[in-house]
Amino acid sequence: MAFFEQLGKTINDASDSLKRKTQNFTEVNSLEKQVNSNQAVIQNMYVEIGRAYYEAHKADEQDVYAEQCRVITNALGQIAQLQDQIRIKKGIQLCPNCGAQLAPGSVFCAGCGTQVAAPAQQMGATVPQNGAAGMQISNMPAGNVVSQPVQQAGNVVSQPVQPAGNVVPQAPVQLSVNEVQQTPVQQQTDQTPQIPNARFCGQCGSQIPADSAFCPVCGQRI
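**Student:** Please clarify how the overall build of the protein chain should be interpreted in this entry.
**Tutor:** Summing up its helical and strand segments, the protein chain has four helices and nine strands in all. Put simply, the protein chain runs from its N terminus to its C terminus through helices and strands in the order α-α-β-β-α-β-β-β-β-β-α-β-β. Restricting the contact set of the protein chain to residue pairs at least 6 apart, pairs at least 24 apart contribute 24%.

**Student:** Explanation requested: the environment of Ile-72 in the structure shown.
**Tutor:** By the secondary structure assignment, Ile-72 is in helix H2 (residues 66–90). It is 10.0 Å that separates the C-alpha atoms of Ile-72 and Arg-51, two residues lying 21 residues apart in sequence.

**Student:** What is the right way to look at the confidence of the model for the protein chain in this model?
**Tutor:** Low pLDDT means the predicted atomic positions in that stretch should not be read closely. This prediction gives the protein chain a mean pLDDT of 74; 62% of its residues lie at or above 70. Between the elements of the protein chain, mean pLDDT differs from a low of 43, seen in strand E4 (residues 136–137), to a high of 94, seen in H2. Counting interchain partners and residues more than four positions distant, the pLDDT-below-50 stretch residues 121–158 has 85 contacts. Here residues 183–190 is a poorly scored stretch, pLDDT under 50, and it has 14 contacts once near neighbours within four places are set aside; other chains count.

**Student:** Help me out: how do you make sense of the pattern of salt bridges in this one?
**Tutor:** One side chain can pair with another of opposite charge once the charged atoms of both are near each other. Throughout the structure, instances matching the rule amount to five salt bridges. For Glu-55, the salt bridge goes to Lys-58, with nearest N and O atoms at 3.2 Å. Accessibility expressed as a relative area gives 46% for Glu-55, which makes it partly exposed. Judged by its relative accessible area of 39%, Lys-58 is partly exposed. When salt bridges that share partners are traced, they join Glu-61, Glu-67 and Arg-70 into one network.

**Student:** Please clarify how the side chain of Ser-106 should be interpreted in this entry.
**Tutor:** You can see Ser-106 is positioned in the loop between strand E2 (101–102) and helix H3 (119–123). Overall, Ser-106 belongs to the buried group, its relative accessible area being 8%. Within the structure, Ser-106 has its side chain in polar contact with the backbone oxygen of Ala-103 (distance 2.7 Å).

**Student:** What exactly am I supposed to notice about the side chain of Ser-212 here?
**Tutor:** By secondary structure assignment, the location of Ser-212 is in the segment after strand E9 (207–208). Of the residues examined, Ser-212 reaches a relative accessible area of 7% and is grouped as buried. Apart from residues lying up to four places away in sequence, Ser-212 is in contact with Ala-110, Arg-199 and Ile-222.

**Student:** Looking at this model, I keep getting lost on a nonpolar patch on the surface. Mind explaining?
**Tutor:** Taken together, the side chains of Val-41, Ile-42, Met-45, Tyr-46 and Ile-49 present a nonpolar region at the surface, about 520 Å² in accessible area. Within the secondary structure layout, Tyr-46 lies in helix H1 (residues 2–57).

**Student:** In this structure, what is going on with the environment of Gln-68? I would like to understand it.
**Tutor:** As for its placement among the helices and strands, Gln-68 is situated in helix H2. Given a relative accessible area of 42%, Gln-68 falls into the partly exposed group. Along the backbone, Gln-68 and Tyr-54 are 14 residues apart, and their C-alpha atoms lie at a distance of 8.8 Å.

**Student:** Sorry, what's going on with H2 here?
**Tutor:** Turn by turn, an α-helix covers 3.6 residues, leaving residues three or four places apart pointing in a common direction. The terminal C-alpha atoms of H2, which comprises 25 residues, lie 36 Å apart, in line with the 36 Å expected from a rise of 1.5 Å per residue. Two residues or fewer past H2, Gly-91 is found with a positive phi of approximately 75°.

**Student:** It is not clear to me how the state of the cysteines should be interpreted in this structure. Could you clarify?
**Tutor:** Covalent bonding between the sulfur atoms of two cysteines is what defines a disulfide. Under the definition given, this model contains zero disulfides. Among the cysteines around Cys-215, which has no disulfide bond, Cys-218 carries the closest sulfur, lying 3.7 Å off. Of the cysteine sulfurs around Cys-218, a residue in no disulfide, the closest is that of Cys-201, at 3.6 Å.

Rules of the game
- Residues numbered from 1 in each chain as written.
- Predicted model: local features only at pLDDT ≥ 70, side-chain atom pairs only at ≥ 80, totals over all residues.
- Heavy atoms only, no water.
- Helix = DSSP H or I, 4+ residues; strand = E, 2+ residues; numbered from the N terminus.
- Contact = heavy atoms within 4.5 Å.
- pLDDT = per-residue confidence, 0-100.
- Salt bridge = Lys/Arg side-chain N within 4 Å of Asp/Glu carboxyl O.
- Buried < 20%, exposed > 50% of the residue type's maximum accessible area, 1.4 Å probe, protein only.
- Polar contact = N/O pair within 3.5 Å; in protein donor to acceptor, adjacent residues only side chain to side chain.
- Patch = residues over 30% accessible without salt bridge, like charges linked within 9 Å, V, L, I, M, F, W, Y side chains within 5 Å.
- Areas by Shrake-Rupley, 256 points an atom, 1.4 Å probe, with all protein chains shown as cover.
- Expected span 1.5 Å × (residues − 1).
- Disulfide = S-S within 2.5 Å.

Take a look at the structure:
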C-alpha cells in the first residue's frame, strides 16, 4: 500500500507542478504583451516628438541636430522625385492647385474645382461656334468606321458612325444645330467608365466619384 500511496503522491505533485508552470507561462505571456504594448506607445511618441522637432528646426543651420535634419530633408526630396516618376509612368496627373489626384479625362479638379484642361481638348472634338460645318470627333472606338451624311441647316457634316455587322448605306439624318453641337458631349458621356459608388452631376449629368466636391467634367460644385 505504501508504494501506491507514494506513487499517487508523486503523480499529484507532478500535476500540481505542471499547473503552476502553465499558470506562470500564461501570466508571463500576458505581462510581456503589456510590456510590448507600452514599448510601442513609447516608440510612437519618439517618432512624433522627432517629427515635431524636425518641423520646428529644419531651417536652423545652427541647431544641434542640423545634420540629421538635412539628412531627413534630402530623403524627403528624393522620395518626392521618385513618386513623381511613378506617377508619370502610371499616367497619373495631380491638380496644380491642391495636389489632388485627377481622374482620367478630368477637365476640372474634383477636390478644389480648378480647371486643369480645356474641355475641347479632353473630349477630342471641335465644335463650330457659328453653326458652320466642320465638326470632328476623334474619340470613336476601334473598328470599321463609315461616314454618314448629316443635314444641318443646308450644310452637310461628315460624322463617323460605328456600323453593326455589314455596312448598309443609310439615308441622310436630319439634325438640328443644337443636336449636332451636343453630339461630342454625348459621345464622351457614353464612353465614361462606370465608377463604383458614384453620383451624378446635376449640371451636366456626368458620373462622378462619391467623394468629389466638384464635377471633374464641368466644374460644378457638388
